[in-house]
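Residue-level listing of the chains:
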Amino acid sequence: MTQNLRIPSAARGKQITITVNGIPVTAYEGETVHAALTAAGIYPLRQTLSGENRGAFCGMGLCYECLVTVNHIPDQQACMTRVQDGMEIQTHD
């Protein structure tokens, strides 16, 4: 989770820190949880009952494949939730 897959030349908001599965991760104000997790190399986001990995599919809030727990609130859409400094995220492994 130490990757940074962001485009270096893109303008960004203020650098912040979120915690993902207990590990600090760099994010930037204005990013969605999904963007921050993807840039950090964190995927999949959840598993089906049969154990299949799932991650963001549509990226616009229609498919519900990117559900994570945000600040102890389960089933939040990572693609529709903006990061906030100090946010705690738990993927559904």
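See the structure printed just above.
Residues numbered from 1 in each chain as written. Predicted model: local features only at pLDDT ≥ 70, side-chain atom pairs only at ≥ 80, totals over all residues. Heavy atoms only, no water.

Caption draft 1: Structural detail: the overall build of the protein chain. Check the secondary structure of the protein chain and you find one helix and seven strands. For the protein chain, the N- to C-terminal ordering of α and β elements is β-β-α-β-β-β-β-β. The globule rule puts the C-alpha radius of gyration for 93 residues at 12 Å, and the 12 Å found for the protein chain is close to it. C-alpha extents for the protein chain along the principal axes are approximately 40 × 25 × 20 Å. (Helix = DSSP H or I, 4+ residues; strand = E, 2+ residues; numbered from the N terminus. Rg over C-alpha atoms; globule rule 2.2 N^0.38 Å.)

Caption draft 2: Region of the structure containing the pattern of salt bridges. In the structure shown here, the tally under the stated rule is three salt bridges. With its nearest N and O atoms 3.4 Å apart, the salt bridge here joins Glu52 to Arg54. Residue classification places Arg54 among the partly exposed positions, given a relative accessible area of 28%. Residues joined in a network through salt bridges with shared partners are Arg46, Glu52, Arg54 and Glu65. (Salt bridge = Lys/Arg side-chain N within 4 Å of Asp/Glu carboxyl O. Buried < 20%, exposed > 50% of the residue type's maximum accessible area, 1.4 Å probe, protein only.)

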